[in-house]
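Tertiary structure, described
Listed below, chain by chain, are the residues.
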Amino acid sequence: MQTSGTGRPATLLALNPAAGYIVSCEIGVGFVEVLVTDFAPKAIWQIKEPVKPGTTQAEILDRVLALLHEAVKWGKSSADTLLGIAVGIPGMVDHVSGNILFAPNLKWRNVPLLALLENESFGAPIYVDNEANMAALGEHYFGAAQEYSEILYLSGNVGLGGGFLSNGKLRRGASGMAAEYGHMTVDTHGELCNCGNYGCWETKVSQNSLYKKIINKVESGESSILVEKTQRKWERLSVEMIVEAAQAGDQVAVRSLEEIGYSLGVGIASLLNALNPEIVVLGGILSIASEFLFPVVNEEIQKRALQWNRESVKVVRAAHGSDACVKGGTATVYQSILSQAKLPR
Ligand SMILES: [Zn+2]
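What comes next is a walk through the structure. All values reported here derive from a predicted model rather than from experimental measurement.

**Some details on the overall build of the protein chain**
Each helix and strand in the protein chain was counted, giving eleven helices and 13 strands. Expected size for 345 residues packed as a compact globule is a radius of gyration near 20 Å; at 20 Å, the protein chain falls within 12% of this value. In terms of overall dimensions, the protein chain has a C-alpha envelope of 60 × 50 × 35 Å along the principal axes. Relative to its full complement of 345 residues, the protein chain shows a buried share of 56%. Of the accessible surface of the protein chain, which amounts to about 15,000 Å², a share of 49% is contributed by carbon and sulfur atoms. Charged side chains of the protein chain number 29 positive and 35 negative; the gap between the two group centres comes to 1 Å.

In structure tokens form, the structure reads like this:
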């Protein structure tokens, strides 16, 4: 069996799709997504449900458990064996105990998620991890970084998540908290972040920071087609709407996206010097808005990163967009099976 760190393990291609099924889930900010695949991995069932603001943690967890049980029923329709369940969380997870330590944008602290899932007696290994770690692994196994082994993944959503693979394996750090790049301090006099610190990178590169830029420009008198589109009901703003406006030449949208691109590029240039990746994969809103972000990001990288770190690196869009985390959940189960060298046939 080849499980070398360079690229996707070749043996996966020869595996029997009916060897079992995999369930993966993302508990996001404002949604829950569940994906069931066979071992090919072909999707058997997928659902993404919105979570209304104000829904309690207990209600969300109940819904997650109900969806996982439903997923198992779907999986059983295609294969006998549940190979594993993986759940991604936008926050800091103790990778060993499976406890959510702190998910700033969900405002969850100290949730024993793995223990809760194990109580349900699913009869298969369960993995709980940071969503960006999972998504990074998903891009390595099934997405834009299959041929690479030193991979920096960054994903913008409500916050800014990150994952780093070295030699094809996630780098977790001493206690599993590595790759929280969104909470690097980039402005000591900056805005308060949901983590409690001031001036984190994600206060400058995230969905919310983009919305704030648009609103500030419009409220200070600049004209934009986004006023008409939202009727100044700013909760109607979406990243897709802003990208569309930018494509139509709306200068408020274009400049706001370019400002995000600038802060993104400055941060990436530093990370290239710190980590020396072969490839940078950008997901979430960073992928949706890539046509406006990438030119500015590349310009800042050229200006700021050390020559040797910038010359060989590629910056690309993630392949899996908003499904990156659940695809990564599938990859998490794959990698665990491969590392135990007990391949189902
Ligand atoms: Zn922070």
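**Some remarks on the coordination of the zinc ion**
Angles between donor atoms at a metal ideally measure 109.5 degrees for a four-coordinate tetrahedral arrangement and either 90 or 180 degrees for a six-coordinate octahedral one. Ligation of the zinc ion by protein atoms is provided by His 183 (ND1), Cys 193 (SG), Cys 195 (SG) and Cys 200 (SG), these donors lying 2.0 to 2.3 Å from the ion. Of note is the zinc ion, whose four donor atoms meet at the metal with angles of 105 to 119 degrees in an arrangement that counts as tetrahedral. Within one chain, the residues donating to the zinc ion are spaced in sequence as H-x9-C-x1-C-x4-C. The exposure class assigned to Cys 195 is partly exposed, which follows from its relative accessible area of 27%.

**Thoughts on the pairing of strand β6 (residues 100-103)**
As judged from the two bridges shared by strand β5 (residues 92-93) and β6, these two strands associate in the antiparallel manner. Pairing of Met 92 across the sheet is with Phe 102, part of β6. Hairpin remark: β5 followed by β6, antiparallel, with six residues in the connecting loop; positive phi at Gly 98, about 75 degrees. Hairpin connection from β6 to strand β7 (residues 108-111): four residues lie between these consecutive antiparallel strands, with Lys 107 at a positive phi of about 60 degrees.

**Considering the sheet that holds β6**
Spatially, the three strands line up as an open sheet ordered β5-β6-β7, and their pairing is antiparallel. Both edges of this open sheet fall to β5 and β7, since each of them pairs with a single strand only.

**Notes on helix α11 (residues 324-340)**
An ideal rise of 1.5 Å per residue puts 24 Å on 17 residues; α11 measures up with 24 Å between its terminal C-alpha atoms. Within α11, 14 of the 17 residues are buried, which leaves it mostly tucked inside the rest of the structure.

**Here we look at the pattern of salt bridges**
Under the defined criterion, the tally for this structure stands at twelve salt bridges. Of the charged contacts, one joins Glu 259 and Lys 213 as a salt bridge, the two residues approaching to 3.5 Å between their closest N and O atoms. Taken together, the positions of Glu 259 in helix α7 (residues 251-275) and Lys 213 in helix α4 (residues 207-219) put the pair 46 residues apart, joining distant regions of the chain. Through salt bridges with shared partners, a single ionic network connects Lys 213, Lys 217 and Glu 259.

**A word on the packing of helix α6 (residues 239-247) against α7**
Where α6 meets α7, the closest approach of the two axes is 7 Å, and the angle between their N-to-C directions is 115 degrees. Of the two elements, α6 crosses α7, and the hand of that crossing is left-handed. Across the interface between the two elements, Ile 242, Val 243, Ala 245 and Ala 246 from α6 touch Ala 253, Val 254 and Leu 257 from α7. Across the contact of α6 with α7, the residue classes break down as seven nonpolar, no polar and no charged.

**With respect to the sheet that holds strand β4 (residues 82-89)**
The sheet built from five strands is open, its strands ordered β3-β2-β1-β4-β8 with mixed pairing. Every other strand in the sheet has two partners, leaving β3 (43-50) and β8 (126-130) as the edge strands with one partner each. This sheet shows a mean twist of 10 degrees between the axes of neighbouring strands, independent of strand direction. In this structure, strand β1 (residues 21-27) lies alongside β4, joined through six bridges in parallel fashion. Looking at the pairing, Ile 22 lines up with Gly 84 of β4. Running at roughly 160 degrees to β1, helix α1 (residues 57-76) makes contact with β1, β2 (31-38), β3 and β4 of the sheet. On top of the sheet, α11 reaches β1, β2, β3, β4 and β8; it is set at about 135 degrees to β1, its chief contact.

**As for the packing of aromatic side chains**
The tally for this structure, following the rule as stated, stands at five aromatic pairs. On the numbers, 4.8 Å between centres and 5 degrees between planes, the contact of Phe 39 with Tyr 334 is stacked. Taken together, the residues span a long stretch of sequence, with Phe 39 in the loop between β2 and β3 and Tyr 334 in helix α11 at a distance of 295 residues. For Phe 39, a relative accessible area of 1% translates into the label buried. Both rings, one in Tyr 141 and one in Tyr 334, keep their centres 6.4 Å apart while their planes meet at 55 degrees; by these two values the pair is tilted. Pair noted here: Tyr 141 is in helix α3 (residues 131-142) and Tyr 334 is in helix α11, with a separation of 193 residues, a long-range link. An identical accessibility class is assigned to Tyr 141 and Tyr 334; each is buried. Taken together, the ring pairs in this structure connect Phe 39, Tyr 141, Phe 142 and Tyr 334 into an aromatic cluster. When the ring centre of Phe 31 is taken as origin, the NZ or CZ atom of Lys 48, which lies over that ring, is 4.3 Å away. Sitting over the ring of Phe 102, Arg 109 keeps its end group 4.0 Å from the ring centre.

**Some points on unusual backbone geometry**
Across the junction of Ala 40 and Pro 41, the peptide omega takes the value 0 degrees, indicating a cis bond. For Pro 41, the location among the structural elements is in the loop between β2 and β3. At Ser 121, a position not held by glycine, the phi torsion is positive, near 50 degrees. On the basis of relative accessible area, Ser 121 is assigned to the exposed category, the value being 62%. With a phi close to 55 degrees, Asn 167 is a non-glycine residue in the positive phi region.

Thresholds applied
- Residues numbered from 1 in each chain as written.
- Predicted model: local features only at pLDDT ≥ 70, side-chain atom pairs only at ≥ 80, totals over all residues.
- Heavy atoms only, no water.
- Helix = DSSP H or I, 4+ residues; strand = E, 2+ residues; numbered from the N terminus.
- Rg over C-alpha atoms; globule rule 2.2 N^0.38 Å.
- Buried < 20%, exposed > 50% of the residue type's maximum accessible area, 1.4 Å probe, protein only.
- Areas by Shrake-Rupley, 256 points an atom, 1.4 Å probe, with all protein chains shown as cover.
- Lys, Arg positive; Asp, Glu negative; His and termini not counted.
- Charge placed at Lys NZ, Arg CZ, Asp CG, Glu CD.
- Donors = N, O, S within 2.8 Å, 3.2 Å for Na, K, Ca; no water.
- Tetrahedral: all angles 85-135°; square planar, octahedral: opposite > 155°, others 65-115°.
- Pairing = 2+ DSSP bridges.
- Expected span 1.5 Å × (residues − 1).
- Salt bridge = Lys/Arg side-chain N within 4 Å of Asp/Glu carboxyl O.
- Axes fitted to C-alpha atoms, helices over the stretch in contact; angles between N-to-C directions.
- Left-handed = near helix turned anticlockwise from the far one by under 90°.
- Contact = heavy atoms within 4.5 Å.
- Nonpolar A, V, L, I, M, F, W, Y, C, P; charged D, E, K, R; others polar.
- Phe/Tyr/Trp six-rings, centres within 6.5 Å; stacked < 30°, edge-to-face > 60°.
- Lys NZ or Arg CZ within 6 Å of the ring centre and 35° of its normal.

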